[in-house]
Amino acid sequence: MPELSIETVDLTRTFKGPSNTTVKALDRVNIRVNQGEIFGLLGPNGAGKTTLIKILTTLLLPTEGDAYVAGFHVVKQASELRSFINLVSGGETPGYGILTTRENLWFFSQLYGLPRSIANLRIKELMDKLQFAEYASTRMHKLSSGYKQRLNLARGFINDPKVLFLDEPTLGLDVLSAKNLRQFVKDWVRNDTEKTLLLTTHYMAEAEEMCDRVAIIDQGKIVALDTPESLKNKLERRRTVKLEVRGSSSKFGDLKQFSGVLGVSQSQDIQSEISTLKVLVEDESVISEVISRISQSGSKVISVSKTEPTLEDVYISLVGRGFEESEAQSTTQ
Amino acid sequence: MAEVLRKVKPKAQPSEISRNLRAAYARAWVRVKATKKEPLWAIAEITIPLISVGAYVFLYRALNAPPSFASFVVIGGTVIAFWANVLWNMSAQFYWEKETGNLEMYFVAPISTMAVLLGMALGGIINTSTRALSILIIGSYVFQAPLHLSDPIAALIVFILTIISLYALGMLFASLFMLYGREAWHTANLLQEPVYFFSGFFFPITGNRFFPFAIQVAASLIPLTVGLDAIRRVLVLGAGLNQIPLHVLGLVAFVSVLLPLSKKGLDFMERLAKKEGRLTLRWQ
Ligand SMILES: Nc1ncnc2c1ncn2[C@@H]1O[C@H](COP(=O)(O)OP(=O)(O)OP(=O)(O)O)[C@@H](O)[C@H]1O
Ligand SMILES: [Mg+2]
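Residues numbered from 1 in each chain as written. Chains lettered and ligands numbered in written order. Predicted model: local features only at pLDDT ≥ 70, side-chain atom pairs only at ≥ 80, totals over all residues. Heavy atoms only, no water.

1. Side note on the overall build of chain A
Along chain A, the regular secondary structure elements total 11 helices and 15 strands. Relative to the 2.2 N^0.38 estimate, which gives 20 Å for 333 residues, the radius of gyration of chain A is 22 Å and therefore close to what a compact globule would have. Each of the three principal axes of chain A carries a C-alpha extent, and together these read 70 × 45 × 45 Å. Classification of the 333 residues of chain A by burial places 54% in the buried group. In chain A, 69% of the contacts between residues at least 6 apart in sequence involve partners at least 24 apart. For chain A, the exposed area adds up to about 14,300 Å²; of that, 48% sits on carbon and sulfur atoms. Across chain A, the 41 positively charged side chains and the 42 negatively charged ones have centroids separated by 4 Å. (Helix = DSSP H or I, 4+ residues; strand = E, 2+ residues; numbered from the N terminus. Rg over C-alpha atoms; globule rule 2.2 N^0.38 Å. Buried < 20%, exposed > 50% of the residue type's maximum accessible area, 1.4 Å probe, protein only. Contact = heavy atoms within 4.5 Å. Areas by Shrake-Rupley, 256 points an atom, 1.4 Å probe, with all protein chains shown as cover. Lys, Arg positive; Asp, Glu negative; His and termini not counted. Charge placed at Lys NZ, Arg CZ, Asp CG, Glu CD.)

Following this line, the structure appears as structure tokens:
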């Protein structure tokens, strides 16, 4: 039996929303993450990912339920827990702009009481591995946002935590930096059986590439939890069909009304006026109906292809809509 | 990576006290370091108070006031440096720290936020002391303000007590303003002028005919007033500690009330912030 590293029991958190409404950011969340695991939280904007991470890192109190990290209760034993965790939120750059990269890391190492010799060794090692040693003496406010992000990530490792929380660590990074960063983090967990990583992301591919297990979260609820493989296997009988459509800019959400269509996601290329529809079907026979429906609406189907199911397809099948759409919805709310 | 990190593991987790002391030291270090990198600021912070000191000195001279008035004013200008530092770099500080995400990092780390506040205060005292001393020396020389240094120990004790009580007040403000956004900044602004006035930076408050007794009592609830008055009595009027026992007692009382109060305020605000989700600016 591997040791449990994170456990939540009916974890619930509500916020006061605008004009006396209440927002259920987390709704009876139960997850168990083992030591040595890379665990992903996947979900659209406003799903509750950051809220869960804040509770687990002692920054926010739950409204109901309990949570344990590294064997400590996140509320009752918060101060004991903090030595063993760290948090990196992508897109934020804690530290002092006027200090150099190295000085900032030294400062943060002192919040964990690291003796100078150990702090210096770690800082050097982190700067080498995350490839910003050349900026060691550059003031933070002069760094590009990608390097700030590396510095922020390095900060997360400064206390060599047992459990590391990464909230959208690759947000805004270029492809190559994001790839390096993922590799670095993966190695860190793989090389030590006592480490655990919980990361949130909106990027399906990131979750798929990195995570041992993924929880899909939507509107505060865990809607699925498994390895990326078995989540996809559950879709095996089902098929995802990719249709490229040119013409009218209509929305095809109503295709869901066809029995046999489990979910639809739509994305639009503004330049070419081509929409890509991903239609998740129970059975391929429904595809011809779908195509004729699209033609009736005045659009033209220019290609049809079957794809391997991805985590995004899992998401579509569970929530009935694609990621981009949920986001469009939550931003127009 | 991990192999190396394992090699550089400390033998044991650092103790709670050592963690907090290191954190306080590091926070103070950031302050001192930042000032060294912006030397122009320090010069401005010496020059500007000297100018207002000069204005009052000339005013008193025009009124044919005794030369000791110049000394009063120079001491006022010296202590003003600390008060400005307390307001701007203590009270409103957590607002900036929240904006950068630092506040969350303090709360995630295994330290007490009191250590951070203490570090901020310490760094502020170190930074401001050099400035204040420059104001005192330059001011008393340029404006020919006579100072008594017959009892340097008394001067030092009163001075240290004043500074500690000022920064203790700053720590209290910082914790109370932790949850505020820009309002903290406005409040600091709001507090600056009236306190200059009532604490008597540029004219003596107690024992004079201008202020009614009630206002004198109210003003002495500000540690600044008491401290300033005590320093002036020692440095200008040549008083010893035995002549100002109430001042000393008052300052000790301020410190012993303000420090625990700011710890309480901090705990309360921390809990409130975690309850309401107000540690970041994102949702404000
Ligand atoms: N401090 C807060 N005060 C009020 N409401 C909040 C607060 N924090 C989060 N919420 C609300 O709780 C819900 C969940 O937010 P959360 O930040 O956890 O989502 P998320 O999954 O991290 O989204 P994103 O992908 O945008 O980061 C949202 O509806 C949000 O508006
Ligand atoms: Mg988030």
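2. A few points about the site of ligand 1
Around ligand 1, the structure places 15 residues, and the nearest of them are A:N45, A:G46, A:K49, A:T50 and A:T51. Mapping the residues adjacent to ligand 1 onto the chains of the assembly identifies chains A and B. One of the side-chain N or O atoms of A:N45 is found 2.7 Å from an oxygen atom in ligand 1. At a separation of 2.6 Å, an oxygen atom of ligand 1 approaches a polar side-chain atom of A:T50. Coverage of ligand 1 by the protein chains reaches 82% of its 630 Å² of free accessible surface. Counting residues per element, the ones that place at least two in the shell around ligand 1 are β2 (22-29) and α1 (49-56) of chain A. (Near = heavy atom within 4 Å. Polar contact = N/O pair within 3.5 Å; in protein donor to acceptor, adjacent residues only side chain to side chain.)

3. Brief notes about the sheet that holds strand β8 (residues 163-167) of chain A
Residue and element names in this part refer to chain A. One open sheet holds the six strands; their spatial order is β7-β8-β9-β4-β10-β11, and the pairing between them is mixed. Two strands lie at the open edges of the sheet, namely β7 (85-89) and β11 (221-226), each paired on one side alone. Along the sheet, successive strands turn relative to each other by an average axial angle of 15°, direction set aside. Note: strand β10 (residues 213-218) against β11, five bridges, orientation antiparallel. Each bridged residue has a counterpart across the sheet, and for I217 the counterpart in β11 is I222. The strands touched by helix α10 (residues 311-319) are β4 (38-42), β10 and β11; relative to β10, the strand with the most contacts, the crossing angle is about 40°. (Pairing = 2+ DSSP bridges. Axes fitted to C-alpha atoms, helices over the stretch in contact; angles between N-to-C directions.)

4. Observations concerning the domain arrangement of chain A
By a frequent convention, interface size equals the accessible area lost on bringing the separate parts together. Residues and elements named next belong to chain A. Here chain A is described as being made up of domain 1 (4-226) and domain 2 (233-332). Placing the centre of domain 1 and that of domain 2 at their C-alpha centroids yields a distance of 33 Å. At the junction of the two partners, domain 1 supplies 15 residues and domain 2 supplies 13 residues. Regarding the contact of domain 1 and domain 2, the summed buried area is about 1,100 Å², with carbon and sulfur atoms giving 70% of it. For the interface between domain 1 and domain 2, the tally reads one residue pair in polar contact (both at pLDDT 80 or more). Considered class by class, the residues forming the side of domain 1 that touches domain 2 number eight nonpolar, four polar and three charged. (Domains from an automatic or database assignment. Buried area = accessible area lost by both parts, 1.4 Å probe. Nonpolar A, V, L, I, M, F, W, Y, C, P; charged D, E, K, R; others polar.)

5. Points about the packing of aromatic side chains
One pass over the structure, following the stated rule, counts 15 aromatic pairs over all chains. Between A:Y135 and A:Y147 the ring centres are 4.5 Å apart and the planes differ by 55°, which places this aromatic pair in the tilted class. One end of the pair, A:Y135, is in the loop between α4 (116-129) and α5 (145-157); the other, A:Y147, is in helix α5, and 12 residues separate them in sequence. Classification of A:Y135 by relative accessible area gives partly exposed; the value is 27%. An aromatic cluster is present here, built from A:Y96, A:F107, A:F108 and B:Y106 joined pairwise through their rings. A cation over an aromatic ring shows up here: A:R150 above the ring of A:Y147, its NZ or CZ 4.4 Å from the ring centre. Between A:R155 and the ring centre of A:F108, over which it is positioned, the NZ or CZ distance is 5.5 Å. (Phe/Tyr/Trp six-rings, centres within 6.5 Å; stacked < 30°, edge-to-face > 60°. Lys NZ or Arg CZ within 6 Å of the ring centre and 35° of its normal.)

6. Topic: the confidence of the model for chain B
Residue and element names in this part refer to chain B. In the predicted model, chain B carries a mean pLDDT of 83, and the fraction of residues at 70 or more is 82%. Confidence, read as mean pLDDT per element, is least for helix α1 (residues 2-7) in chain B (50) and greatest for helix α6 (residues 102-108) (94). In the predicted assembly, ipTM is 0.85 and pTM is 0.85. (pLDDT = per-residue confidence, 0-100.)

7. Let's talk about the sheet that holds strand β15 (residues 300-307) of chain A
Residue and element names in this part refer to chain A. Spatially, four strands are ordered β13-β14-β12-β15 in an open sheet, and the strand pairing comes out antiparallel. Across the chains shown, the open sheet's two edge strands, defined by having one partner strand only, are β13 (261-269) and β15. The average angle at which neighbouring strand axes cross in this sheet is 20°, direction not considered. Sheet topology places strand β12 (residues 239-246) next to β15; seven bridges connect them, and they run antiparallel. Counted as the bridge partner of V241 is K306 from β15. Sitting on the sheet, helix α9 (residues 287-296) touches β12, β13, β14 (274-281) and β15, and the angle it makes with β12 is about 20°. Docked against the sheet, α10 engages β12, β13, β14 and β15, running at close to 70° with respect to β14.

8. Considering the interface of chain B and chain A
Each side of the interface is counted separately: chain B has 43 residues, and chain A has 45 residues. Taking both partners together, chain B and chain A bury about 4,300 Å²; carbon and sulfur atoms supply 61% of that area. Inspection of the region where chain B meets chain A yields three salt bridges. Salt-bridge contacts for A:E103 lead to B:K33; the nearest nitrogen and oxygen are separated by 3.4 Å. Applying the counting criterion to the chain B and chain A interface returns 15 residue pairs in polar contact (both at pLDDT 80 or more). Every element with two or more residues in the side of chain B that touches chain A is listed here: α1, α2 (16-37), α5 (93-100), α6 and α12 (245-276) of chain B. For the side of chain B that touches chain A, the leading source of residues is α2(B), giving 11 residues. Counted by class, the side of chain B that touches chain A contains 21 nonpolar, six polar and 16 charged residues. (Salt bridge = Lys/Arg side-chain N within 4 Å of Asp/Glu carboxyl O.)

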